[in-house]
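Inside the fold
One letter stands for each residue in the lines below.
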Amino acid sequence: MAVQVLSLDDDYYLNFCTKHLARNNPAKSPLWQFPIIDTSPDDNHLSNKVSFIYQSTGTPPSEIGVFGTFDTLHTAIPMQAVNFDGQSTGFYALTVRVPIGEVHRYQFLVDGQPTLDPINPQRTILDDKTEWSRFFTDYCSYPIVFEEWEYAILRRLVDHILPFRNQDTQNFLNRFYDGLDKSAQYATKEGFHRLDASVGEVNYIDKLVARQEIHHLPTYKICLREIDRLLRQRNPFEEPQDMAKVYYTDLYEQMATGSVPGWNYSAYNNPNYFLQVLRRHAVLGAFSHPKYGGNAGGAGWAYLESKYQDSQGDTLFDWRAALERPLGTNPDYTG
Amino acid sequence: MSQFDVIIIGSGAGGAPIANKLVKAGKSVLVLEKGPMIDAQPQPGVGQSGFKRDELLADGPEKKLNIPGVSNNGAGYYHSHVEPDINDEPHIYLNKNGGDTATIEGYTAQVVGGGTQLYGGVSLRFTENDLRLKSFNESRVIQNDDNDDVKREARDWAISYAQLEPYYVEAESKVGINGTSANQQKPFSQDVYHPPLNPNPISQFAFNGMVTLGQQLGTNIQPYRPPLAVITQNHPASGRIMPADPESAKTSYVNRFGDPLGLKSNTWVSLLRPIKDDSNFEIRCNCTVTRLKASADQVNEVFYLDPAGIERSATSTLVVVACSAIESIRLLMLSADADSNFSQRIHQNDLLGKYFLTHCFGGASGIVPERFDKSKALDADWATDTCAVTSFLDSQGLWAGAAIYNNTSDQALPVSLFRTLGAQDLDTLWNGFTGNAGLRGDNLINYLDGNFGRGLSVSFMANQVPQFTNRIELHPSVKDKWGRPVAYIKKDWHQHDRYLMDVMAQQCTQVLRNGLGNGAPVSGGSIYMADNALARMANHILGGARFGTDPNDSVLDPNCRAWHFDNLYVTDGSFMPTSGGANPTLTIQANAFRVADHLLGRL
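Residues numbered from 1 in each chain as written. Chains lettered and ligands numbered in written order. Predicted model: local features only at pLDDT ≥ 70, side-chain atom pairs only at ≥ 80, totals over all residues. Heavy atoms only, no water.

**Brief notes about the interface of chain A and chain B**
Taken together, the contacts link 65 residues of chain A with 71 residues of chain B. Where chain A abuts chain B, roughly 5,800 Å² becomes buried across the two surfaces, and 55% of that area is made up of carbon and sulfur atoms. Taken together, chain A and chain B are joined by eight salt bridges. Among the salt bridges present, the one from D38 of chain A reaches K52 of chain B, with a minimum N-O distance of 3.8 Å. At the surface where chain A touches chain B, the tally comes to 46 residue pairs in polar contact (both at pLDDT 80 or more). Mapped by element, the contributors of at least two residues to the side of chain A that touches chain B are helix 1 (10–20), strand 2 (36–39), strand 7 (87–99), helix 5 (201–210), helix 7 (245–257), helix 8 (271–287) and helix 9 (299–307) of chain A. The biggest single contributor to the side of chain A that touches chain B is helix 8 of chain A, with eight residues. Each residue belonging to the side of chain A that touches chain B can be placed in one class, and the counts come to 29 nonpolar, 22 polar and 14 charged. (Contact = heavy atoms within 4.5 Å. Buried area = accessible area lost by both parts, 1.4 Å probe. Salt bridge = Lys/Arg side-chain N within 4 Å of Asp/Glu carboxyl O. Polar contact = N/O pair within 3.5 Å; in protein donor to acceptor, adjacent residues only side chain to side chain. Helix = DSSP H or I, 4+ residues; strand = E, 2+ residues; numbered from the N terminus. Nonpolar A, V, L, I, M, F, W, Y, C, P; charged D, E, K, R; others polar.)

Structure below.
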């Protein structure tokens, strides 16, 4: 089935383009906002509205389109000029509907020439060494930037930051996940095998450093390699993900002081800073909106909802009341 | 259309009331707004808003500051989707070590509706004395003012409370505000408030504490429900309809969140959307005004960058600048740099940018013995004027009073609880949490047990002593993304400000001790104590172009027209000669309605 192309007002695109792209000086912050990933209440939040933006600064292209795995891979869909007050702005846009929970690669076709998206910092390199631009939609649980072993180490580290590892909490989470009804399953499209017994914080971090905080990706890559090396040095007999808890608590405490015996400070000079970033990301992952990949199905919020009740057994964190359906129960807010 | 009766720069509290009134009177109006148009959900109908109940969108993922030469270069920062990226458009302030620091403080929001999209909505009037602090203080004894600065620098406003009062009523009616007038220590000719929603039960402690404080101070002044710019019933003036369950308006996704339902009375949904289809109204969003061009005493062309960054211009009979105090001052200074005639007229004295003001603010916070669902709350539930009356000010030797109210929606959501832990402002978010590595695992649970749904804070908002040396300039080297000099903020707290903040923080502490019992964990403090106290503004950015009756002592005349211009008006908070003992937005709106009447008389 061909992808659905959506028709949006020019102002919709300009609301993003002017702030982030219109400028005289080069951008200093990563332009992770593109392509624009927006919600689709009209589709019960089963898809995103994905808007590609191309900015022409010289001679306007005579043909401009997008091709990618979200559609038939080798046919470009034409982009439309974005106008203001009847005049061209140099911006071109295309909005398509893409199901949630997916990862795609794409390129622009500019006057017949395949071109990586010059705005979006997300890139992926295939086995055949070809480079593509990349995006992913909400509720994505495919790994984007971390390898399996990196997920495993992060999961163990995060276990020492967040309270979701003790038996009571695990029992709660198991019940919560088992009890999710069909209408909530969308929030956890790929199931929980990857999320282990926690609430998906590591999946969230994978998505965050793939996009909004892409500037922290090198830090993660270097520090996880360093941690893997250190753990293997301290315990040559087990894989890091199978090592006893004490290896991780020791490491955590050492990183908190900034003094980690055996750490290669010339590779990364501030392990305490990495811990600070990781702790912030872990908390965000547990309690941010589930569309970002953590707090699966609202599990982090549901933990607080269940933990904090009044003497009548009514919750003291009725988070669903404010939020859109089907995640929440608000009759007015569409999300 | 390219020729208008009026061009208004900025669509927030200072601009939108004028657009509303003039368009309804048949005048042609162009509003130029730098930010995007983010509407509320259509009503009725199915649709979506660009505002979300989403903490990551509202406070932003981290970015890294990249402005060589500033002290915090390389630091992380956070901004909501409608605040500027400070790598693109920083405010720079002179820090206590004499160096420069970039800050997001002093920005409200760049979006149609301006700061009223993100504010908590506290819409208090100023008191009668707030508008006459010079005459009020002439024969009073002021503590901690070694050089008699208060008596020398205080100014009466060019209008009295009685002159402003009808416009308070007009603003309260047209904007859409809920609250109660009884017990407020300001005269009301009419009460047009919507009825308040039920307070969050945690606020009962604050109410009890405020009642007792009134008794302790001997005023016996009772608390009231603070006016909040959130409608609680249908609002015919703006065509807004209340959801079936009015309590659904109560959500802690309120302060610093745009409201996807449009129940928060931002100036777009309350004042501009009702006129959007009128043929004599036009709003151009994503358009940054770069300079005003004058011929003799007429501003005859407004230059702006269109959404693609291409320079355009428009002309009008009258021009109103209302893009929030710092940015308005910057625009006037940049216009002066490009045009010697404009420069001579706007710099007819050396006051432009001087007497920049914010508020003395601070308060106390405590932990209540039980837990409450704070996720269902508006920004504030109870307020008291017991620290705004003359008997209290005389007893303490204070030059001006303060509104005191409790905050209900703060730290109500889990991410915000961690993000604001130990953070005193928008520049230090997350630092308290990331700096405390022991807060993990069981300790994290203990922290949640002790704080989630249990925090109660009480704040004061008070006048800051005007000082010539507190000022806005153009930064000599730092430029925005267009290559234009950014605003440079130089300010410090006066000795009396510090004293006043100590006194007021004690009263807030007393409210909580009264409400929670003497053994309860309560701590108080004020903003001057913070590491970055010089940057702090509470998003209340006022002064810098004060109005007055003497052209040698003010930038604007009593109608907020720039002296020595015939058709140039400034109507955001920069007109204020003193900053008032309450949040400023309602007073900016009321004054804008007043100026609108004057403009109508000219067109």
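**Considerations on the domain arrangement of chain A**
All names here are of chain A. Assigned domains of chain A: these are domain 1 (4–136) and domain 2 (148–322). Taken together, the contacts link twelve residues of domain 1 with eight residues of domain 2. With both sides pooled, the region where domain 1 packs onto domain 2 buries about 990 Å², and carbon together with sulfur makes up 71% of that total. The three residues of domain 1 that bury the most area against domain 2 are W32, I100 and F136, which together make up 49% of that side's buried surface. At the junction of domain 1 and domain 2, the tally comes to zero residue pairs in polar contact (both at pLDDT 80 or more). Looking at the side of domain 1 that touches domain 2, its residues break down into seven nonpolar, four polar and one charged. (Domains from an automatic or database assignment.)

**Overview of the layout of surface pockets**
The volume enclosed by the second largest pocket comes to roughly 1,300 Å³. Every residue lining the second largest pocket is counted, 43 residues in all, and those nearest its centre are Y12, F16 and D38 of chain A together with I38 and G50 of chain B. Going through the elements one at a time, helix 1 and strand 2 of chain A together with helix 2 (55–59) of chain B are the ones with two or more residues in the lining of the second largest pocket. Among the elements that line the lining of the second largest pocket, the one with the most residues is helix 1 of chain A, at six residues. A per-class count over the lining of the second largest pocket returns 17 nonpolar, 13 polar and 13 charged. In terms of domain composition, the lining of the second largest pocket takes at least three residues from each of domain 1 (4–136) and domain 2 (148–322) of chain A. (1 Å grid on protein atoms, 1.4 Å probe; cavity = no way out; pocket = protein on both sides within 12 Å on 5 of 7 lines; lining within 4 Å. Points joined across faces, edges and corners; volume = space filled by probe spheres on them.)

**Regarding the sheet that holds strand 15 (residues 455–462) of chain B**
Residue and element names in this part refer to chain B. Here five strands make up an open sheet; going across it, the order is 13-14-15-12-18 and the pairing antiparallel. The open sheet has two free edges, formed respectively by strand 13 (380–384) and strand 18 (522–526), since each of these has just one partner strand. When strand polarity is set aside, the average angle formed by the axes of neighbouring strands in this sheet is 20 degrees. Relative to strand 18, strand 12 (residues 360–367) is paired through five bridges, and the arrangement is antiparallel. If you follow G362 over to strand 18, its bridge partner there is S526. (Pairing = 2+ DSSP bridges. Axes fitted to C-alpha atoms, helices over the stretch in contact; angles between N-to-C directions.)

**Let's talk about the pairing of strand 5 (residues 91–94) of chain B**
All names here are of chain B. With four bridges connecting them, strand 5 and strand 6 (residues 100–103) associate as antiparallel partners. Residue pairing for strand 6: H91 is matched across the bridge by T103. Taken together, strand 5 and the strand that follows it, strand 6, pair antiparallel across an intervening segment of five residues, in which G98 is found at a positive phi of about 85 degrees. Relative to strand 17 (residues 485–490), strand 5 is paired through two bridges, and the arrangement is parallel. Bridge pairing links I92 to Y488 in strand 17.

**Re unusual backbone geometry**
A cis geometry characterises the amide bond from F34 of chain A onward to P35 of chain A, with omega recorded as -10 degrees. The residue P35 of chain A is located in the loop between helix 1 and strand 2 in this model. You will see that D148 of chain B, though not glycine, has its phi angle at about 55 degrees, which is positive. Within the secondary structure, D148 of chain B sits in the loop between helix 3 (133–137) and helix 4 (149–153). When its relative accessible area of 47% is taken as the criterion, D148 of chain B is described as partly exposed. (Buried < 20%, exposed > 50% of the residue type's maximum accessible area, 1.4 Å probe, protein only.)

**Here we look at the nonpolar core**
The biggest cluster of nonpolar side chains holds 181 residues, and the ones touching the most others in it are I53 of chain A together with L292, F342, F460 and L568 of chain B. Looking at which element gives the most residues to this core, the answer is helix 14 (residues 495–516) of chain B, with ten residues. Aside from chain neighbours lying at most four places away, what touches F460 of chain B is C360, F361, G362, G363, A402, A403, I404, M501, M504, A505, C508 and S526 of chain B. (Core = buried A, V, L, I, M, F, W, Y, C linked by side-chain atoms within 4.5 Å.)

**Brief notes about helix 3 (residues 167–179) of chain A**
Owing to its 3.6 residues per turn, the α-helix brings residues three or four apart onto one side. Residue and element names in this part refer to chain A. Across its 13 residues, helix 3 extends 18 Å between first and last C-alpha, which sits within 8% of the 18 Å expected from 1.5 Å per residue. Regarding helix 3, the residues found buried are T169, Q170, F172, L173, F176 and Y177. The arc that holds every buried residue of helix 3, seen down its axis, measures 160 degrees, which confines them to one face. For helix 3, exposure combined with an orientation more than 90 degrees from the buried face picks out Q167, D168, R175, D178 and G179. (Expected span 1.5 Å × (residues − 1). Arc of directions from axis to C-beta.)

**Regarding the sheet that holds strand 17 of chain B**
All names here are of chain B. Pairing in this open sheet of four strands is mixed, and the strands run 6-5-17-16 from one edge to the other. This sheet does not close on itself; its edge strands, each paired only once, are strand 6 and strand 16 (471–479). When the angles between neighbouring strand axes are averaged without regard to direction, this sheet yields 40 degrees. Strand direction decides the pairing type here: strand 16 and strand 17, joined by five bridges, are antiparallel. Bridge pairing in strand 17 places K479 opposite P485. Here helix 8 (residues 325–338) sits on the sheet in contact with strand 5, strand 16 and strand 17, set at roughly 65 degrees to strand 16.

**A short note on empty space enclosed by the protein**
All told, the structure shown has 14 cavities of 30 Å³ or more when counted by the stated rule. Reported here for the largest cavity is a volume of approximately 190 Å³. Lining the largest cavity are 19 residues, with K19 of chain A together with K34, E89, Q110 and K481 of chain B positioned closest to its centre. Of the residues in the lining of the largest cavity, the class split is six nonpolar, six polar and seven charged.

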